[in-house]
Amino acid sequence: MSITPKAVVLISGGLDSMLAAKVVLDQGVHVEGINFFTGFCVEGHTHAIRNQDHKKPKRNNALWVAEQLGIKLHIVDVIEQYKDVVINPKHGYGANLNPCLDCKSFMVRKAKEWIEAHGFDFIVTGEVIGQRPMSQRRDTMPVIAQESGADDRLLRPLCAKLLPETLPEREGWVNRDALYDFNGRSRKPQIALAEQFGIEDYAQPAGGCCFLTDEKYSDKLRDLWVSQGEKRYEIDDIMLLKVGRHLRPRPHFKLIIGRDDGENNYLKGYRHRFTYMYGTSHNGPLVLVEGQTNDSDLELAARITARFGQGRDADNVRIEVVEQTGDPRNFKVVPLTRNEMQEAWYI
Amino acid sequence: MSHHKLDATNLLCPMPVIRTQDRVAELASGDILEIHCTDPGALHDIPTWCRINGHRVVGTQQANNEIIVTLRVGS
Ligand code: SF4
C-alpha cells in the first residue's frame, strides 16, 4: 500500500502558484495551500475601503484560487515576525522597499515549520527562474532553499527541470518528467499552461504580490521611518499608509486626508488615536493629524482641510478640530489657495 | 453544541478570515460562531473560507455598517 505524499503550496493568489499547485495535484499528491498575511499584501484592503472600487469583486484571490483547485487554504498571520524582514533585510531591497529575497526565504521557512508541525512531506512554490529580477534568479533559487532550511524539500514545479533534483523527485512522489522548465520574464508559458488546464480566470498582479513594490507606498513608509527617527512600524501605521492622501506640511506633523466617503469612514475608526478635523460649514474630508502640533500648526492643517472640501472657494470655512484631550474647537479659516499648496508636502 | 461570538469589527480582510480560522480551530463540530465585521470583503471571504474548509454559513446579516456572518463548524 502506498501512502499519498503531502505537499503544502505557497498560494499568493496569482497564476504561477496556482499552476504549481495544479501540476503537483495532477500527480496525485495531497495538496493544501498556505498564504502568509504580512500586512503589506495587496489583497482586499484598500479595494474594500475606496468607493470607486466597490463595484469590483472583493474576492480574496488566495481563497479563490484554493477553491478553484479544491484544496484547503491556511492563512497565517505573520505580521509581527515579518517586521524584521522589512526592517533588516539581509539581502537588501529591490527597486522600492521590497525585500523580495529575504521575504521568500522567510515564507519558505515558515512553510517548513508548518509542514513539520502538520506531518507534510514537502513545500511547493510557483517560482520561475528569471521571472523576477531579485528573488527569482538562477543564483537566488538555492539561497532561498538553503536560508529557509527547506533544502531539497522545496519543489518548484514550473522550473524544476532546470534545477537539481529534489527529494520529492528522488523519492518518486512526483515525476520529474512531468514538471516544467520555464525560464525568463515571459508570461507566455504560464498562460499556455493555464489554457491547457482550462484555467481562464486568474489574477495578474502588476508589480508583485505586495505594496512594498509600489513606489508611492514605499515613499510613505520611508517618510514614516524618517519622521520617527528609526525604522519601525505597527500594523495600524502600514494600513494607514494605504489610505488617503498623505501630506507633510511641516517636518513634525503629517495629515492623512480621506479621498471619499469610504476612506473617511475607514479613517473614522482611528479617531481615538489621532487629532482629527472635518468641515462643519461645508462637506469635505475627515483628516487625521499625526505628530505633535501647536495652534498655528492646527490652523494650517485646518486651512488645508478646507482646501480639500467643498468650501475650497468660499471666503471662510468652519473646521471642527478634535484633539485627544480637551474640548473640540471650531476654527474659522480661509482655505489655502492652489498656489499656497506646496508640491513638496505630498508624500 | 454551543454558540460563540467573534468581534472582527474594524479589521480589514483577510484579518476577519484569519480570526475566524483561529477561533474555529478551538471549537467543536456543530458549534455555531457568529462573526461581527465591518469590512464588506468578509461577506465574500468568510463563506469562501467555509466552503473550502467544510464549514457551513447558516446566515448573513447586514445592518448599520456591520456585517454578521454565522457559521456552523463542520466535522
Ligand atoms: S513582492 Fe512583496 S510579498 Fe512578493 S516576494 Fe517581494 S516582498 Fe515578498
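Residues numbered from 1 in each chain as written. Chains lettered and ligands numbered in written order. Predicted model: local features only at pLDDT ≥ 70, side-chain atom pairs only at ≥ 80, totals over all residues. Heavy atoms only, no water.

Caption draft 1: View of the overall build of chain B. A count of helical and extended segments in chain B gives 2 helices and 4 strands. Along chain B, from the amino end to the carboxyl end, the secondary structure elements read β-α-β-α-β-β. Relative to the 2.2 N^0.38 estimate, which gives 11 Å for 75 residues, the radius of gyration of chain B is 11 Å and therefore close to what a compact globule would have. Dimensions along the principal axes, computed over C-alpha positions, put chain B at roughly 30 × 20 × 15 Å. (Helix = DSSP H or I, 4+ residues; strand = E, 2+ residues; numbered from the N terminus. Rg over C-alpha atoms; globule rule 2.2 N^0.38 Å.)

Caption draft 2: Broad picture of the sheet that holds strand S6 (residues 245–250) of chain A. Residues and elements named next belong to chain A. Pairing within the open sheet is antiparallel, and its 6 strands lie in the order S6-S7-S9-S8-S10-S11. One side of each edge strand has no neighbouring strand; the edge strands of this open sheet are S6 and strand S11 (329–333). For this sheet the average axis-to-axis angle between neighbouring strands, irrespective of direction, equals 25 degrees. As defined by bridge partners, strand S7 (residues 253–257) adjoins strand S9 (residues 287–291) across 5 bridges and the pair is classed as antiparallel. Its bridge partner lying in S9, Leu-255 is registered against Val-289. (Pairing = 2+ DSSP bridges. Axes fitted to C-alpha atoms, helices over the stretch in contact; angles between N-to-C directions.)

Caption draft 3: Structural context of the packing of aromatic side chains. Residue and element names in this part refer to chain A. Within the structure shown, the criterion is met by 10 aromatic pairs over all chains. Pairing Tyr-180 with Phe-182 gives two aromatic rings, centres 5.3 Å apart and planes at 50 degrees, and the pair type is tilted. Ring centres 5.5 Å apart and planes at 65 degrees place the aromatic pair Tyr-266 and Tyr-270 in the edge-to-face group. Summarising the burial analysis for this pair, Tyr-266 and Tyr-270 share the class buried. Each member of the aromatic cluster is reached from another via a ring pair, and the members are Phe-40, Tyr-82, Phe-106, Phe-211, Tyr-217 and Tyr-233. The ring of Tyr-233 carries the charged tip of Lys-83 above its face, separated from the ring centre by 5.8 Å. (Phe/Tyr/Trp six-rings, centres within 6.5 Å; stacked < 30°, edge-to-face > 60°. Buried < 20%, exposed > 50% of the residue type's maximum accessible area, 1.4 Å probe, protein only. Lys NZ or Arg CZ within 6 Å of the ring centre and 35° of its normal.)

Caption draft 4: Structural context of the nonpolar core. Among the nonpolar cores identified, the biggest contains 72 residues, and Ile-11, Val-24 and Leu-288 of chain A together with Ile-46 of chain B are the most heavily contacted of them. Top contributing element to this core by residue count: helix H1 (residues 15–25) of chain A, with 7 residues. Shared between two domains, this core holds at least three residues of each, these being domain 1 (6–210) and domain 2 (243–341) of chain A. Filtering out sequence-adjacent residues up to four positions away, Ile-46 of chain B remains in contact with Pro-16, Val-17, Thr-20, Ile-35, Cys-37, Val-69 and Leu-71 of chain B. Judged by nonpolar contacts, the second largest core, of 35 residues, contains Leu-97, Ala-111, Cys-210 and Phe-211 of chain A. (Core = buried A, V, L, I, M, F, W, Y, C linked by side-chain atoms within 4.5 Å. Domains from an automatic or database assignment. Contact = heavy atoms within 4.5 Å.)

Caption draft 5: Expanded view of the domain arrangement of chain A. When its domains are assigned, chain A resolves into domain 1 (6–210) and domain 2 (243–341). Put simply, the middle of domain 1 of chain A and the middle of domain 2 of chain A, counted by C-alpha atoms, are 42 Å apart.

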